[in-house]
Amino acid sequence: MTHQEATILLVGYGWFRGIPEGEINNAEAIARALDGELLTAQDGTVGRIHSLIAPVTWDGAFAPVEAAALALRPQIILALGTDAASPALRPEPYGVNWCEGRDARPDDPGAESERSGELIPGGEPALRGTLPFEAMTRAMLCAGIPAYMGSLQEGEPGARPCATTGFYLCNLMAYRLAHFAKTAPFPVRTGFMHVPNQPAYAAARRLRRLEAEPEALSQPIYASMTLAQMVEGVRVALAACLAAG
């Protein structure tokens, strides 16, 4: 049986503070490594990856993603961001309507923008992406790639929900993508996934912390994954998305 080639838009966030000097965001590195690759799922479904690097800015993060999606009309959109405290790859089903933090403008730090509890106009408190997050997580585990699925904590009735996406720009992307899946003029499945640190990045992060906290030398350090492991994990997760139809 011949399968028509699907289009996959893979988005990786770019630079943000905490990345070792001269290095790039793991999410960006993964997106660049997979750009142009043709994936084949176990059922024979094929998909071509088109990668995009998004700025870590409140006003600029989603606009290029939306523009690329409208131009490519992909069947799948997966966005990636780094969580330095995560020990594994983490598909994130949920985004919440809450924005906090100062964004990252490497070219003009004086123009950085800050959000403090702002909402996305007209949005629901929480939205779930439409990728097969459970299947993605299981596929990575079966391939020997450490992974676990993110979650939503709704709290007391009427309280603001919280998700493992946090409230920063990774959460914004997860939320905006979930909303886009509902409103796009073509059928598309969307979702977000956190990736962990590389070992060298984790070591550099700990060294910087030691300058202010010498006692951190004897404290546990978060597990980390090589770039090659993360690239393979994203490849496996995307193949699971293709197989899900």
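Residues numbered from 1 in each chain as written. Predicted model: local features only at pLDDT ≥ 70, side-chain atom pairs only at ≥ 80, totals over all residues. Heavy atoms only, no water.

Topic: helix α1 (residues 26–34)
Okay, step 1: Among the nine residues that make up α1, seven are buried, leaving the element largely enclosed by the rest of the structure.
Okay, step 2: Of the surrounding elements, those touching the buried residues of α1 are β1 (6–13), β3 (46–54), β4 (76–82), β12 (189–195), α5 (199–212) and α6 (227–243).
Okay, step 3: Capping of α1 at its N-terminal end is provided by N25; its side-chain oxygen lies 3.0 Å from the backbone amide nitrogen of A27. (Buried < 20%, exposed > 50% of the residue type's maximum accessible area, 1.4 Å probe, protein only. Helix = DSSP H or I, 4+ residues; strand = E, 2+ residues; numbered from the N terminus. Contact = heavy atoms within 4.5 Å. Polar contact = N/O pair within 3.5 Å; in protein donor to acceptor, adjacent residues only side chain to side chain.)

Notes on the sheet that holds β3
Okay, step 1: Ordered by their spatial adjacency, six strands build an open sheet running β2-β3-β1-β4-β12-β5, and the pairing between neighbours is mixed. One side of each edge strand has no neighbouring strand; the edge strands of this open sheet are β2 (38–40) and β5 (90–92). Here the strands of the sheet are splayed against their neighbours by 30 degrees on average, with no regard to which way each runs.
Okay, step 2: Of the strand pairs in this sheet, β2 and β3 are connected by three bridges, and their pairing is antiparallel. Bridging across to β3, T40 finds its partner in V46.
Okay, step 3: Across the face of the sheet, α1 comes into contact with β1, β3, β4 and β12 while running at roughly 150 degrees to β1. (Pairing = 2+ DSSP bridges. Axes fitted to C-alpha atoms, helices over the stretch in contact; angles between N-to-C directions.)

Comments concerning the packing of helix α2 (residues 62–72) against helix α4 (residues 169–183)
Okay, step 1: Packing of α2 against α4 brings their axes to within 11 Å, and their N-to-C directions diverge by 30 degrees. The angle between α2 and α4 places the two elements in the roughly parallel class. Like other packed secondary-structure pairs, α2 and α4 cross with a definite hand, here right-handed. Contacts from F62, V65, E66, A69 and L70 in α2 reach M173, R176, L177 and F180 in α4.
Okay, step 2: In the contact of α2 with α4, the residues fall into seven nonpolar, no polar and two charged. (Parallel < 35°, antiparallel > 145°, perpendicular 65-115°, else oblique. Left-handed = near helix turned anticlockwise from the far one by under 90°. Nonpolar A, V, L, I, M, F, W, Y, C, P; charged D, E, K, R; others polar.)

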